[in-house]
Amino acid sequence: MEFLYTYDTLKLEFPLTEPENARFVITGVPFDGTTSFKPGARFGPTLIRHATLNLESYILDYGIDIAELPIADIGDVAVVAGDPRKTADRVRETIEELKRANPDAIPVLLGGEHSQTLGAVEALKPASYVVFDAHLDLRDSYEDNSYNHACVARRISELGVKEAMFGIRSGTKDEVEYAEENGIMWVHARDYDFDAFVDLVKPLPEPVYLSVDIDAFDLPLVPSTGTPEAGGLRFWDVIEAIEWLVENKRIAGFDIMEVAGENLGDPTALTAAKLLFYFMGAVGRRT
Ligand SMILES: [Mn+2]
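Positions within a chain are numbered from 1, following the residues in the order the chain's sequence is written. Only residues with pLDDT of at least 70 get local features here, since the model is predicted, and only at 80 or more are side-chain atom pairs given and counted; chain-wide, interface and lining totals rely on the full set of residues. To obtain the side-chain values, all non-hydrogen atoms of the structure were included, while hydrogens and water were left out.

Per an unreviewed UniProt entry, the protein chain carries the name Agmatinase and comes from Thermococcus profundus.

Right, dumping it as structure tokens:
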């Protein structure tokens, strides 16, 4: 099928299927128009796809080969340079087109700035939003733009979506107060463990949109990201949480955002690629 706003780019290497028949439909969003510190998220989708070349499609500890799963890659969304709202509109329309053709598909967004998650959430209308992130992203506005990457969780909460956040170690007093006033639950990276995750996520209504801002991970795993912060989560801790989530909750959509860098083989993209494979493996082994 044809999409209004996507174009072909480097795609995943293993046998792909058509979006109409796929369980997972991958789309890149090469947008970094509001990045405040370290640029390069526009290269994230390509870097992640390239990093998958380094990985076996056979998931050793699951005993399944994700290359045998029905996966589509529809290329990247054509961004509107410098405009996170208009670009997120294109993300929303792309996912709406996909869901009309294939209501069972799980859209998988590769980014690109976290601002673009809003478009996916608007399209999929999940009841809950579970996010791994270093940052609360609850600002009402940042640098005079309410669709800045630092505002994405605020915009999503305003849609009435329940939120739970993990790996947090950065936010303002105002953001903490907004979270308190609006019942937004979050766990500091220092306090994170599996039980804390399950406690918060278990009561959340379905379906759940799962977002991973790559900066949730500890710095050595993800040196190239827009706003890096020391003191993050360990890789297997996040995988274990995702395994629980896909076993126990219906997943509306998934994304891996804020992967940046300029060089192929960047550790950040390698972390993201491995995470992508584990997500598809964790969902795929159940079905
Ligand atoms: Mn972040």
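Once you've had a look at it, read on.
(A) Region of interest: the sheet that holds strand E2 (residues 24–29). Across the sheet, which stays open at both edges, the nine strands sit in the order E1-E5-E2-E6-E11-E10-E7-E8-E9 with mixed pairing between neighbours. Of all strands in the sheet, those bounded by a partner on one side alone are strand E1 (6–7) and strand E9 (185–188). In the packing of helix H3 (residues 117–124) onto the sheet, the strands contacted are strand E6 (106–111), strand E7 (128–132), strand E10 (208–213) and strand E11 (251–257), and the crossing angle to E10 comes to about 175°. Pairing between two strands is assigned when DSSP locates at least 2 bridges connecting them. A run of H or I in DSSP becomes a helix once it reaches four residues, and a run of E becomes a strand once it reaches two; helices and strands are each numbered from the N terminus. Whether two residues are in contact is decided by their heavy atoms: any pair within 4.5 Å suffices. Each axis is a line fitted through C-alpha atoms, and for a helix only the stretch in contact is used; angles between axes span 0 to 180 degrees, taken between their N-to-C directions.

(B) Spatial organisation of the layout of surface pockets. Each cavity reported here is a set of points on a 1 Å grid over the protein atoms alone in which a 1.4 Å probe fits but cannot get out, each pocket an open set with protein on both sides within 12 Å along at least five of seven lines, and each lining residue one with an atom within 4 Å of a point. Grid points are joined across faces, edges and corners, and a volume is the space filled by probe spheres set on the points. Within this model, the largest pocket holds a volume of roughly 290 Å³. Among the residues making up the lining of the largest pocket, the classes are represented as five nonpolar, eight polar and seven charged. Just so you know the grouping, Ala, Val, Leu, Ile, Met, Phe, Trp, Tyr, Cys and Pro go in nonpolar, Asp, Glu, Lys and Arg go in charged, and all remaining residues, Gly too, go in polar.

(C) Here's a closer look at empty space enclosed by the protein. Within the structure shown, the criterion is met by one cavity of 30 Å³ or more. As a volume, the largest cavity reaches approximately 40 Å³. Looking at the largest cavity, the residues that line it are Ser115, Leu118, Ser146, Tyr147, Asn148, Cys151, Val152 and Arg155. For the lining of the largest cavity, the class distribution of residues is four nonpolar, three polar and one charged.

(D) Layout of the packing of helix H6 (residues 194–201) against helix H7 (residues 235–248). In the contact formed by H6 and H7, the axes pass within 10 Å of each other and the chain directions differ by 30°. It follows that H6 is roughly parallel to H7 by the angle criterion. Classified by chirality, the crossing of H7 by H6 is right-handed. Taking contact as the criterion, the partners of Phe194, Phe197, Val198 and Val201 in H6 are, on H7, Glu240, Ala241, Trp244 and Leu245. For the contact of H6 with H7, the residue count by class is seven nonpolar, no polar and one charged. Note on angle classes: values under 35 degrees are labelled roughly parallel, values over 145 roughly antiparallel, values of 65 to 115 roughly perpendicular, and the remainder oblique. Each helix crossing is assigned a hand: it is left-handed if the near helix lies turned anticlockwise from the far helix by less than a right angle, otherwise right-handed if that turn is clockwise.

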